[in-house]
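Commentary on secondary and tertiary structure
One letter stands for each residue in the lines below.
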Amino acid sequence: MTAPSRLNKAQKVVLAAAFVPMLATGIAGGVGTYSNISGAYGKGTALGAVAAGEGATAVLALVLLGLTMLGQASPLVIRVGLWALPAASSVMSVMAAGDPGRTVIYAVTPMGMCVSAEGMAFLARRIVVHTDGRDAEAERKAAAIVQALAYHRARAANHPDAKVQARSERTSWKLARKVGVGDVSLGARLVDVQRERVTSGADAALADMFSVPVTPAVTAPVTPAVAPAQPRPELESGKGTRDAEDTQVNGAEPTVSGPAVTPVTVPVLPPVTLEDVAVVAGVPLPKQGETLTDAQLSVVLRYLRYSDDPPLSYRQAASGFRQAGYVGSEERVRAVWGALLAQENTP
């Protein structure tokens, strides 16, 4: 439903000026019909013809105008009468014409009242839609189409006759093309939905372009310190000195004895898997080929982003997402990626 609003002064002036020629056209059509028929059948017959044609059309036009201003849908019989009565008056005028030129003029003259009535009703309907925010005529048509569609879908599914099912199936597809046609509020809602999707996609794209990748800190390797060698007692005595000299003379490699150094073993951590990330996030394990929730999409994208160093960009992560066989629309993937980057940048 569109938001109601009031007419400003300029709109009121223009609409009032538009009603004047419509009303004048209807009056001129009635006067012309009276003049045409009175020349052939007399004034009394002409007055009756105008009353039955243009007069009845004017009554239907006022009824249609009143219903429209009240925000109500007009019955079908009124819309049919607005065209049928002037058409009958046109046939009557054609019978009074004496030559081809007058035949055309006499036939067209009564239609002025029909066009005038339809124009005023249409303009009044638009005024009501603008001021009240709802279109009663469009709502009536939409309700009728949806009701007929529901009936034919049910008959196509449950009717015992196969031929009737086939006819209802074809009819339901024809009705489906008319759903939402002319519904201003539905069009506005669809535009709002598309606007939100475009905004989310643009936000995710800009976040991917202007985000600064976070590089993890690199820790320098720790080298274990080696204890200094203790002086050997035998070197303090003369024997130790002679043994060392004999060793150097003979060319043998000196043997250094001391406490044994134990090597430091650094434990190797196993790689983080997608199942680990899902367990930490508290969501079910995402599976390929299945529709994922937003939380599962976040887990997969976070796992792919930090599967390499430096972290992957959106295009790289999205490519890995598709190659791995996960299911998710481009709009949802971009929106979740934007939320992931926003969460990373939040201290």
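Quick summary incoming for the structure in this document. (Residues numbered from 1 in each chain as written. Predicted model: local features only at pLDDT ≥ 70, side-chain atom pairs only at ≥ 80, totals over all residues. Heavy atoms only, no water.)

Moving on, we get to helix α11 (residues 274-281). Considered for burial, the residues of α11 that qualify are Leu274, Val277 and Ala278. All buried residues of α11 project into a common sector of 100 degrees when viewed along the axis, lining one side. Those residues of α11 that are exposed and angled more than 90 degrees off the buried face are Glu275, Val279 and Val280. For α11, the secondary structure elements touched by its buried residues are α12 (294-305). Immediately downstream of α11, the backbone of Gly282 shows phi near 75 degrees, a positive value. (Buried < 20%, exposed > 50% of the residue type's maximum accessible area, 1.4 Å probe, protein only. Helix = DSSP H or I, 4+ residues; strand = E, 2+ residues; numbered from the N terminus. Arc of directions from axis to C-beta. Contact = heavy atoms within 4.5 Å.)

Burial in helix α13 (residues 314-323) covers these residues: Tyr314, Ala317, Ala318 and Phe321. Buried residues of α13, seen end-on, are gathered within an arc of 100 degrees and therefore sit on one face of the element. For α13, the exposed residues set more than 90 degrees away from the buried face come down to Arg315 and Gln323. Just downstream of α13, Gly325 is the residue with a positive phi angle, here 90 degrees.

Counting 20 residues, the largest nonpolar core has Val300, Leu301, Phe321 and Trp337 as its most contacted members. Where this core is concerned, the elements lending two or more residues are α11, α12, α13 and α14 (330-345). In this structure Phe321 touches Leu292, Leu297, Val300, Leu301, Leu304, Tyr326, Val327, Gly328 and Val333, once residues within four positions along its chain are discounted. Ranked by size, the runner-up nonpolar core spans seven residues in total, among them Ala61, Leu64, Leu82 and Ala121. (Core = buried A, V, L, I, M, F, W, Y, C linked by side-chain atoms within 4.5 Å.)

For the structure on display, the rule yields two aromatic pairs. Between Tyr314 and Trp337 the ring centres are 5.7 Å apart and the planes differ by 65 degrees, which places this aromatic pair in the edge-to-face class. Remark: Trp337 occurs in helix α14 and Tyr314 occurs in helix α13; sequence separation between them is 23 residues. Taken individually, Tyr314 and Trp337 each receive the classification buried, so the pair is uniform in this respect. Over the aromatic face of Tyr306 sits the side chain of Arg305, whose NZ or CZ is 5.6 Å from the ring centroid. (Phe/Tyr/Trp six-rings, centres within 6.5 Å; stacked < 30°, edge-to-face > 60°. Lys NZ or Arg CZ within 6 Å of the ring centre and 35° of its normal.)

Our next topic: the packing of helix α6 (residues 136-158) against helix α7 (residues 162-176). To characterise two packed helices, one gives the angle between the axes of the helices and the distance between these axes. Two elements in contact, α6 and α7, have axes separated by 8 Å at closest approach and are oriented at 150 degrees. With respect to each other, α6 and α7 are oriented roughly antiparallel. For the element pair α6 and α7, the recorded crossing hand is left-handed. Counted together, Ile145, Ala148, Leu149, His152, Arg153, Arg155, Ala156, Ala157 and Asn158 of α6 and Val164, Gln165, Ser168, Glu169, Thr171, Ser172, Leu175 and Ala176 of α7 form the full contact between these two elements. Here the residues of the contact of α6 with α7 sort into eight nonpolar, six polar and three charged. (Axes fitted to C-alpha atoms, helices over the stretch in contact; angles between N-to-C directions. Parallel < 35°, antiparallel > 145°, perpendicular 65-115°, else oblique. Left-handed = near helix turned anticlockwise from the far one by under 90°. Nonpolar A, V, L, I, M, F, W, Y, C, P; charged D, E, K, R; others polar.)

A cluster of basic side chains, namely Lys163, Arg167, Arg170, Lys174, Arg177 and Lys178, defines a positive patch on the protein surface. Relative to the helices and strands, Lys163 resides in helix α7. (Patch = residues over 30% accessible without salt bridge, like charges linked within 9 Å, V, L, I, M, F, W, Y side chains within 5 Å. Areas by Shrake-Rupley, 256 points an atom, 1.4 Å probe, with all protein chains shown as cover. Salt bridge = Lys/Arg side-chain N within 4 Å of Asp/Glu carboxyl O. Lys, Arg positive; Asp, Glu negative; His and termini not counted. Charge placed at Lys NZ, Arg CZ, Asp CG, Glu CD.)

Evaluated as defined, the whole model comprises four salt bridges. A salt bridge links Glu169 to Arg153; the nearest nitrogen and oxygen atoms lie 3.0 Å apart. With Glu169 in helix α7 and Arg153 in helix α6, the pair connects residues that are 16 residues apart, well separated along the chain. When its relative accessible area of 40% is taken as the criterion, Arg153 is described as partly exposed. Across the pair Asp294 and Arg332 runs a salt bridge, and its minimum N-O distance is 2.8 Å. Taken as a pair, Asp294 in helix α12 and Arg332 in helix α14 lie far apart in primary sequence, 38 residues in all.

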